[in-house]
Amino acid sequence: MKISASVYSNKEKDLEVLVRELDAHGIDMFHIDCFDGAVFKDIARIRAISQTPIDLHIIHPEPSVFFEQVAQYKVDFVSVQYNAQIKGRMFTRNGVTKWGLAITMNDSLSVVSENEQDIDFVLFMASEPGMSGRPFDKANFQRITDFKQQFPQKKIQVDGGVNDRIAFVLRLLGVNSIVSGNYLMNREFLGVGMLNLHKTPSLQTAENDFKMADFMTPCQYLPIIQEADLSIQQALQTIEKFKMGFVLVNDKDGKLKGVISNADIRRGFLNNLGDLNAVDAGKMINTKPVLIRQDQTLTGMLHLLNDLNFIILFLPVVDDMNKLKGAVLLNNLTRV
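Everything numeric here is computed off the predicted structure, so don't read it as measured data. (Residues numbered from 1 in each chain as written. Predicted model: local features only at pLDDT ≥ 70, side-chain atom pairs only at ≥ 80, totals over all residues. Heavy atoms only, no water.)

1. Looking at helix α12 (residues 298–307)
Then, in step 1: Along α12, the residues that are buried comprise L298, T299, M301 and L302. Summarising the axial view, the buried residues of α12 lie within an arc of 160°, below the 170-degree limit, and thus occupy one face.
Then, in step 2: For α12, the elements touching its buried residues are α6 (164–172), α9 (212–215), β13 (292–293), β14 (314–318) and β15 (324–329). (Buried < 20%, exposed > 50% of the residue type's maximum accessible area, 1.4 Å probe, protein only. Helix = DSSP H or I, 4+ residues; strand = E, 2+ residues; numbered from the N terminus. Arc of directions from axis to C-beta. Contact = heavy atoms within 4.5 Å.)

Here it is as structure tokens:
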């Protein structure tokens, strides 16, 4: 997951000094909020000393007034703040710039559908645009999950209140980049802040720790088979359809019976090479998978994963009655 440093969040350092320091630590992008054309003087200063991509966020009722300067300075990424009252065009194509739509918690995902053909990514504003230091709203976790189901080809950027623990959850959800302002830019050592945003959080219990229910992928988006309907064909077709490498098996009461992974199916076939008709899907179920309760915290999950002596790519989430509520998908942690 890439980091876009919000350069205006640091008021103490000269822009050139700040840019060189961020570049020395390998920053991925420079994020700039654009309320007027004055920011392009700063973009010119950055371009004079750095080739790092510029990530421009236009917050203006008439975005098209900046299109000429966006092209002139070959701005790499531009997100336009959604506003139903915007005048003129919101996007253009210049052969260089990737365009995105910035939406707040008050904006329906339907506005993405309306602009889907014009954009490459969506910027989720987890706090008020242009207001550094505001807290992250955890409701964004579910919005991001919903978005990925509706628009799987669109990339995701998140801005607003992102710290190291939130960044880790966003990685789990498959977010492509984050904007970091207050958390990163006001540290004595920028490199420490960047490292924290990239690594697994501390195992120490944190204040206001997220629970599994806050960020798990809900059942509606998961490969689930009822035990009564289980067959080899059904398991294989479900795995292929969801492309997650496993299926979850529920009993008639919605309780988790177990899981069947690609590896379980492979072993089932290998054990019956002499008679493949003898393969029993029910015997492939791992009835004791690693799982976690929905009221457990992120810290609890990290302890659980840390104690395992093998790697898992998903973690079923259940309630106190063992009813399946969702799953935490871990495969995005291995994404390059």
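2. Topic: unusual backbone geometry
Then, in step 1: One non-glycine residue, K74, lies in the positive phi region at around 50°.
Then, in step 2: For K74, the location among the structural elements is in the loop between α3 (67–72) and β4 (77–81).
Then, in step 3: For K243, which is not glycine, the phi dihedral falls at a positive 55°.
Then, in step 4: Relative to the elements of secondary structure, K243 occurs in the loop between α10 (232–242) and β11 (246–250).

3. Some remarks on the side chain of S177
Then, in step 1: Within the fold, S177 resides in strand β8 (residues 177–180).
Then, in step 2: We classify S177 as buried; its relative accessible area is 9%.
Then, in step 3: With sequence-adjacent residues up to four places away left out, S177 is seen in contact with M1, K2, M29, I156, Q157 and V158.

4. A look at the sheet that holds strand β9 (residues 217–218)
Then, in step 1: The strand order across the open sheet formed by four strands is β9-β15-β14-β13, and the pairing between neighbours is mixed. Here the strands that pair on one side only, and so sit at the sheet edges, are β9 and β13.
Then, in step 2: Across two bridges, the pairing between β13 and β14 is parallel. Counterpart to I292 in the pairing with β14 is V317. (Pairing = 2+ DSSP bridges.)

5. Quick notes on the pattern of salt bridges
Then, in step 1: Applying the stated criterion across every chain, the model contains 14 salt bridges.
Then, in step 2: The partner of D120 in a salt bridge is R93, with the nearest N and O atoms 3.0 Å apart. Placement of D120 in the loop between α4 (110–115) and β6 (121–125) and of R93 in the loop between β4 and β5 (98–103) is noted, with a sequence separation of 27 residues between them.
Then, in step 3: For R93, a relative accessible area of 47% puts it in the partly exposed group.
Then, in step 4: For the salt bridge of R267 with D264, the shortest nitrogen-to-oxygen distance reads 2.6 Å. In this pair, R267 and D264 both sit in helix α11 (residues 262–270), three residues apart, roughly one turn of the helix.
Then, in step 5: Exposure remark for R267: the relative accessible area of 44% places this residue in the partly exposed category.
Then, in step 6: Salt bridges sharing partners connect three or more residues here, namely D14, E16, D42 and R45. (Salt bridge = Lys/Arg side-chain N within 4 Å of Asp/Glu carboxyl O.)

6. Things to note about the packing of aromatic side chains
Then, in step 1: For the structure shown, the criterion picks out 11 aromatic pairs.
Then, in step 2: An angle of 40° between the planes, with centres 5.1 Å apart, marks the rings of F136 and F141 as tilted. Each of the two residues, F136 as well as F141, counts as buried.
Then, in step 3: Ring centres of F141 and F210 lie 5.1 Å apart, and the angle between their planes is 80°; on these two criteria the pair is classed as edge-to-face. (Phe/Tyr/Trp six-rings, centres within 6.5 Å; stacked < 30°, edge-to-face > 60°.)

7. What to know about a nonpolar patch on the surface
Then, in step 1: Residues L270, L273 and L276 make up a contiguous nonpolar surface patch of about 320 Å² in total accessible area.
Then, in step 2: Within the secondary structure layout, L276 lies in the loop between α11 and β13. (Patch = residues over 30% accessible without salt bridge, like charges linked within 9 Å, V, L, I, M, F, W, Y side chains within 5 Å. Areas by Shrake-Rupley, 256 points an atom, 1.4 Å probe, with all protein chains shown as cover.)

8. Some points on the environment of V111
Then, in step 1: Mapped onto the elements of the fold, V111 is located in helix α4.
Then, in step 2: With a relative accessible area of 6%, V111 lands in the buried category.
Then, in step 3: Along the chain, V111 and V75 lie 36 residues apart, while their C-alpha atoms are 24 Å from each other.
Then, in step 4: Residues in contact with V111, not counting those within four places in the same chain, are Y82, L101 and I103.

9. Concerning the packing of helix α1 (residues 15–24) against helix α2 (residues 39–49)
Then, in step 1: Remark: α1 packs on α2, axes separated minimally by 10 Å, with the N-to-C direction vectors making an angle of 45°. Taken together, the axes of α1 and α2 lie oblique to each other. Crossing handedness for the pair α1 and α2: right-handed. In contact with L15, E16, V19 and R20 of α1, α2 contributes D42, R45, I46 and I49.
Then, in step 2: Grouping the amino acids of the contact of α1 with α2 by side-chain chemistry returns four nonpolar, no polar and four charged. (Axes fitted to C-alpha atoms, helices over the stretch in contact; angles between N-to-C directions. Parallel < 35°, antiparallel > 145°, perpendicular 65-115°, else oblique. Left-handed = near helix turned anticlockwise from the far one by under 90°. Nonpolar A, V, L, I, M, F, W, Y, C, P; charged D, E, K, R; others polar.)

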